[in-house]
Amino acid sequence: MDRIDNYYTATLNDHTAYPTLDGDIDVDIAVVGGGFTGIATAVELAERGFSVAVCEAHRVGWGASGRNGGQVTGSLSGDQAMLSQLRKTHGNDAADFIWHLRWEGHDIIRERIARYAIDCDLKTGHLQTAWHERDVPEYQQMLQLAHSYGMEDDVSWLSRDEVHSILDTPLYHGGLRNRRNLHLHSLNLCVGEARAAASLGVQIFEQTKVLDIKGGRKPALKTANGTIRAKKIVLAGNAYHRLARKQLGGLLFPAVLGNMTTQILDAELAAKINSEDLAVYDSRMVLDYYRLTADNRLMFGGGTNYSGRDINNVADTLRPSLESTFPALKGIQIEYAWTGTAGIVMNRIPLVGKFENNVYYAQGYSGHGIATSHIVAEVIAEALTGTLEKFDVFAGFSHRRVPGAQIFGSGMLALGMWYYQFKEKLAG
Ligand SMILES: Cc1cc2nc3c(=O)[nH]c(=O)nc-3n(C[C@H](O)[C@H](O)[C@H](O)COP(=O)(O)OP(=O)(O)OC[C@H]3O[C@@H](n4cnc5c(N)ncnc54)[C@H](O)[C@@H]3O)c2cc1C
């Protein structure tokens, strides 16, 4: 299948046409999946001198990496769960470890964009808004924490009036502005990284679905028209793969998120609704997220369906939220609307590990995957070169398994999310 019709594909720099695998090849590392996890891992490994092949069932960036909100934030999913598990083994160092981990993805992405001259509309600045008055104390704590780590210049608290002087909205009770966070054209980053990987000798195969993975003594990926024999395998298919059910079944839930872009806004209107060109998301469990694109469209996402089923009419579903956020955009034309599937983990800690001694996997970033996928790509590459410190931390986290989750979604998770939405509606 080709990429879906969305804003990202309509503004794509590089229409990739990597070949389909036809025949058998041998490499050091074979990777399943051409999203951020697979491609960033390939870049890391090729930079370290390994021979690498990537198989993508469709096109590079076809999955969540080419459909997301483009917000690169330090919101490491599962941070609280990680902290409480890590404290048992690492004491107070756990907090420092997690804090620094939050920002590593930003550095990797910035450095990669610069090194390989990737054109992906990189911008800085993010606002995490307080939907309820009662969210403010928690935000103040986050502010104190950021300042205690020396981020006084990057993170500041904006009062309700200050938020309203930047965003033309009646919503929110204040917000945390973060100048270190980024936003960008996600698909152009992903295909740019793929181009970088190819320039380093990585063999990328598109329209090449992996049908079977073999670990153990003779690791290999099997596709319809060929086999890749490798020393190690990296499974990076996230919410879209059905491989290794025995080892990974029931650990990840597909959640469908909606996203859309408006018609191009004239510069004056764009500056009126979001004068600092910030990426924004709010404090609710099921949140809205938005930003301006390089050509001044509003990209607006939300409406997460935790049962794993598709969202019927994304534009109609999201329009009421868009218009209550920005009344000035009432009746605005929606030019692209689409969905994508993210991988959610029960405790929100990314699933990173290894089975059969040589099959590594990384998936499940619970909606915060742009930075995290780049962090875990580096962690896996380090593990493959013998530096196991961070890999062992990730692989050591415990996770709950719910049979059938990946195929059917989780009724329990959907119910839980419905409950949060209902509570939030009641609270106003
Ligand atoms: C609508 C939406 C909005 C989001 N917004 C944000 C955001 O603003 N900020 C943020 O940080 N995160 C966001 N996310 C999450 C983020 O996009 C993902 O966490 C991240 O892209 C995951 O990358 P990945 O490479 O692991 O998975 P994917 O990008 O989904 O890539 C997996 C790839 O594996 C391929 N594949 C699967 N099975 C096989 C197989 N058998 N053989 C070969 N190939 C296979 C698929 O075709 C796919 O291309 C959002 C997600 C969605 C869906």
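Every value quoted in this text rests on a predicted model; they were computed, and no experiment measured them.

Comments concerning the overall build of the chain
What the chain contains, in helices and strands, is 14 helices and 17 strands. On C-alpha atoms alone, the chain measures out to a radius of gyration of 21 Å, which is about the 22 Å that the 2.2 N^0.38 rule sets for 428 residues. Each principal axis of the C-alpha distribution contributes one length, and for the chain these read about 65 × 50 × 40 Å. Looking at the chain as a whole, 58% of its 428 residues qualify as buried. Taking the contacts inside the chain whose residues are at least 6 apart along the sequence as the reference set, 76% of them involve residues at least 24 apart. Of the roughly 17500 Å² of accessible surface on the chain, a fraction of 50% belongs to carbon and sulfur atoms. Across the chain, 42 positive and 47 negative side-chain charges occur, with their mean positions spaced 8 Å apart.

What about the packing of helix 2 (residues 36-47) against helix 7 (residues 186-199)?
For any two helices packed against each other, one specifies the crossing angle of their axes together with the interaxial distance. The contact between helix 2 and helix 7 brings their axes to 9 Å, and the two run at 35°. Our pair here, helix 2 against helix 7, has a crossing hand that is left-handed. Of the residues in helix 7, those in contact with Phe36, Ile39, Ala40, Ala42 and Val43 of helix 2 are Ser186, Leu189, Cys190, Glu193, Ala194 and Ala197. Grouping the constituent residues of the contact of helix 2 with helix 7 by class yields nine nonpolar, one polar and one charged.

Regarding the site of the ligand
Surrounding the ligand, one finds 37 residues, the nearest of these being Thr37, Glu56, Ser65, Gln71 and Val210. Between the ligand and glycine 70, the relevant distance is 3.4 Å, taken from an oxygen atom to a main-chain nitrogen or oxygen of the residue. Valine 210 places a main-chain nitrogen or oxygen 2.8 Å from a nitrogen atom of the ligand. Protein chains bury 97% of the 1000 Å² of accessible surface belonging to the ligand in isolation.

Side note on the packing of aromatic side chains
The geometry of an aromatic ring pair is captured by two quantities: the separation of the ring centres and the angle between the planes. Counted by the stated rule, this structure contains twelve aromatic pairs. Residues tryptophan 131 and tyrosine 172 carry aromatic rings whose centres are separated by 6.1 Å and whose planes lie at 65° to one another, so their mutual orientation is edge-to-face. Residue tryptophan 131 is located in the loop between strand 4 (123-129) and helix 5 (136-148), and its partner tyrosine 172 is located in the loop between helix 6 (160-166) and strand 6 (175-183); the two are separated by 41 residues in the primary sequence. Geometrically, the ring pair formed by tyrosine 290 and phenylalanine 300 is stacked, given 5.6 Å between the ring centres and 5° between the ring planes. A residue pair is termed long-range when its members are at least 10 positions apart, and tyrosine 290 in strand 13 (residues 289-292) and phenylalanine 300 in strand 14 (residues 298-305) qualify at ten residues. The pair tyrosine 290 / phenylalanine 300 is uniform in exposure class, with both members buried.

Notes on the environment of histidine 147
Residue position: histidine 147 is located in helix 5. Overall, the relative accessible area of 23% leaves histidine 147 in the partly exposed class. With near-sequence residues (within four places) excluded, histidine 147 lies in contact with Glu152 and Val155.

Considering the packing of helix 3 (residues 79-90) against helix 4 (residues 93-115)
For the pair helix 3 and helix 4, interaxial distance at closest approach is 8 Å and the crossing angle is 140°. By the angle between their axes, helix 3 is oblique relative to helix 4. Handedness of the helix 3/helix 4 crossing: right-handed. For the pair helix 3 and helix 4, contact is made by Asp79, Met82, Leu83, Leu86, Arg87 and His90 and by Asp93, Ala94, Ala95, Phe97, Ile98 and Arg102, respectively. Grouping the constituent residues of the contact of helix 3 with helix 4 by class yields seven nonpolar, one polar and four charged.

Looking at the pattern of salt bridges
Taken as a whole and judged by the stated rule, the model has 25 salt bridges. When the shortest N-O distance is used, the salt bridge between arginine 102 and aspartate 79 registers 2.4 Å. With a gap of 23 residues between them, arginine 102 in helix 4 and aspartate 79 in helix 3 connect regions that are remote in the sequence. Aspartate 79 shares its class with arginine 102; the two are buried. Note that lysine 123 is salt-bridged to aspartate 277, the shortest N-O span being 3.0 Å. Note that lysine 123 is positioned in strand 4 and aspartate 277 in the loop between helix 9 (267-273) and strand 12 (279-282), a separation of 154 residues in sequence.

Rules of the game
- Residues numbered from 1 in each chain as written.
- Predicted model: local features only at pLDDT ≥ 70, side-chain atom pairs only at ≥ 80, totals over all residues.
- Heavy atoms only, no water.
- Helix = DSSP H or I, 4+ residues; strand = E, 2+ residues; numbered from the N terminus.
- Rg over C-alpha atoms; globule rule 2.2 N^0.38 Å.
- Buried < 20%, exposed > 50% of the residue type's maximum accessible area, 1.4 Å probe, protein only.
- Contact = heavy atoms within 4.5 Å.
- Areas by Shrake-Rupley, 256 points an atom, 1.4 Å probe, with all protein chains shown as cover.
- Lys, Arg positive; Asp, Glu negative; His and termini not counted.
- Charge placed at Lys NZ, Arg CZ, Asp CG, Glu CD.
- Axes fitted to C-alpha atoms, helices over the stretch in contact; angles between N-to-C directions.
- Left-handed = near helix turned anticlockwise from the far one by under 90°.
- Nonpolar A, V, L, I, M, F, W, Y, C, P; charged D, E, K, R; others polar.
- Near = heavy atom within 4 Å.
- Polar contact = N/O pair within 3.5 Å; in protein donor to acceptor, adjacent residues only side chain to side chain.
- Phe/Tyr/Trp six-rings, centres within 6.5 Å; stacked < 30°, edge-to-face > 60°.
- Parallel < 35°, antiparallel > 145°, perpendicular 65-115°, else oblique.
- Salt bridge = Lys/Arg side-chain N within 4 Å of Asp/Glu carboxyl O.

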